[in-house]
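Read off the chains here:
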Amino acid sequence: MQHDPELDRIREEAEEKQRAILYPDTLRSGRSVDEFLWNGDPHPKPVQRVGLALFGMLFSGLAVLGIVLLFTQDNWPGRIFGIAMGLLAGIAGARLMGNAFRHIRRG
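What counts and how
- Residues numbered from 1 in each chain as written.
- Predicted model: local features only at pLDDT ≥ 70, side-chain atom pairs only at ≥ 80, totals over all residues.
- Heavy atoms only, no water.
- Helix = DSSP H or I, 4+ residues; strand = E, 2+ residues; numbered from the N terminus.
- Buried < 20%, exposed > 50% of the residue type's maximum accessible area, 1.4 Å probe, protein only.
- Polar contact = N/O pair within 3.5 Å; in protein donor to acceptor, adjacent residues only side chain to side chain.
- Contact = heavy atoms within 4.5 Å.
- Expected span 1.5 Å × (residues − 1).
- Salt bridge = Lys/Arg side-chain N within 4 Å of Asp/Glu carboxyl O.
- Axes fitted to C-alpha atoms, helices over the stretch in contact; angles between N-to-C directions.
- Parallel < 35°, antiparallel > 145°, perpendicular 65-115°, else oblique.
- Left-handed = near helix turned anticlockwise from the far one by under 90°.
- Nonpolar A, V, L, I, M, F, W, Y, C, P; charged D, E, K, R; others polar.

Notes on the side chain of Asn99
Link 1 in the chain: Mapped onto the secondary structure, Asn99 falls in helix H4 (residues 76-101).
Link 2 in the chain: Judged by its relative accessible area of 2%, Asn99 falls in the buried class.
Link 3 in the chain: Engagement of the side chain of Asn99 in a polar contact is seen with the backbone oxygen of Leu37, the distance being 3.1 Å.
Link 4 in the chain: Leaving out residues up to four positions away in the same chain, Asn99 has contacts with Leu37, Trp38, Asn39, Gly40 and Leu52.

Here it is, written out as structure tokens:
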């Protein structure tokens, strides 16, 4: 029985993609997820869009919480913390929501 080198290469690639329990493999998998979250995808699946929109809503909710802290705190350190938290979470939420709805396919 003769071994096909192309078939061996495909098998090795499949095995490499399936193992994600060791440190370098988890880093590689995490990088692709981070890239999707921050940069978006030109052709995401609907479930990916929903997940990205949920993360965006989570960060938008944190931004609202920061704004609430801004108006409810009487001391300046609490207000500064509210401003900082609200701005950072608002930027992240806007970016994620924008990525969720940026590349909507038509027809």
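A look at H4
Link 1 in the chain: In a regular helix each residue adds 1.5 Å, so 26 residues correspond to 38 Å; H4 covers 37 Å between its end C-alpha atoms and thus fits that length.
Link 2 in the chain: Within the span of H4, buried status applies to Gly78, Gly82, Gly86, Ala89, Ala92, Gly93, Leu96, Asn99 and Ala100.

Some thoughts on the pattern of salt bridges
Link 1 in the chain: Overall, the coordinates contain 2 salt bridges when judged by the stated rule.
Link 2 in the chain: A salt bridge links Arg9 to Glu6; its shortest N-O distance comes to 2.4 Å. A residue pair is termed a helical-turn pair when its members lie 3 or 4 positions apart in one helix, as Arg9 and Glu6 do in helix H1 (residues 5-18) at 3 residues.
Link 3 in the chain: For Arg9, the salt bridge identified is with Glu13, shortest N-O distance 2.5 Å. Linking Arg9 with Glu13, this pair stays in helix H1, spanning 4 residues, or about one helical turn.
Link 4 in the chain: For Glu13, a relative accessible area of 37% translates into the label partly exposed.
Link 5 in the chain: Linked by salt bridges that have partners in common, Glu6, Arg9 and Glu13 make up one network.

Focus on helix H3 (residues 46-72)
Link 1 in the chain: In this model H3 runs 39 Å from its N-terminal to its C-terminal C-alpha over 27 residues, within 8% of the 39 Å that 1.5 Å per residue would give.
Link 2 in the chain: Among the residues making up H3, those that are buried are Arg49, Leu52, Ala53, Gly56, Ala63 and Gly66.

Topic: the packing of H3 against H4
When two helices pack together, their arrangement is given by the angle between their axes and by how far apart the axes lie.
Link 1 in the chain: Where H3 contacts H4, the two axes come as close as 7 Å, and the packing angle between them is 160°. Comparing their axes, H4 and H3 come out roughly antiparallel. The hand of the H3/H4 crossing is left-handed.
Link 2 in the chain: Looking at side-chain class alone, the contact of H3 with H4 contains 20 nonpolar, 9 polar and 2 charged residues.

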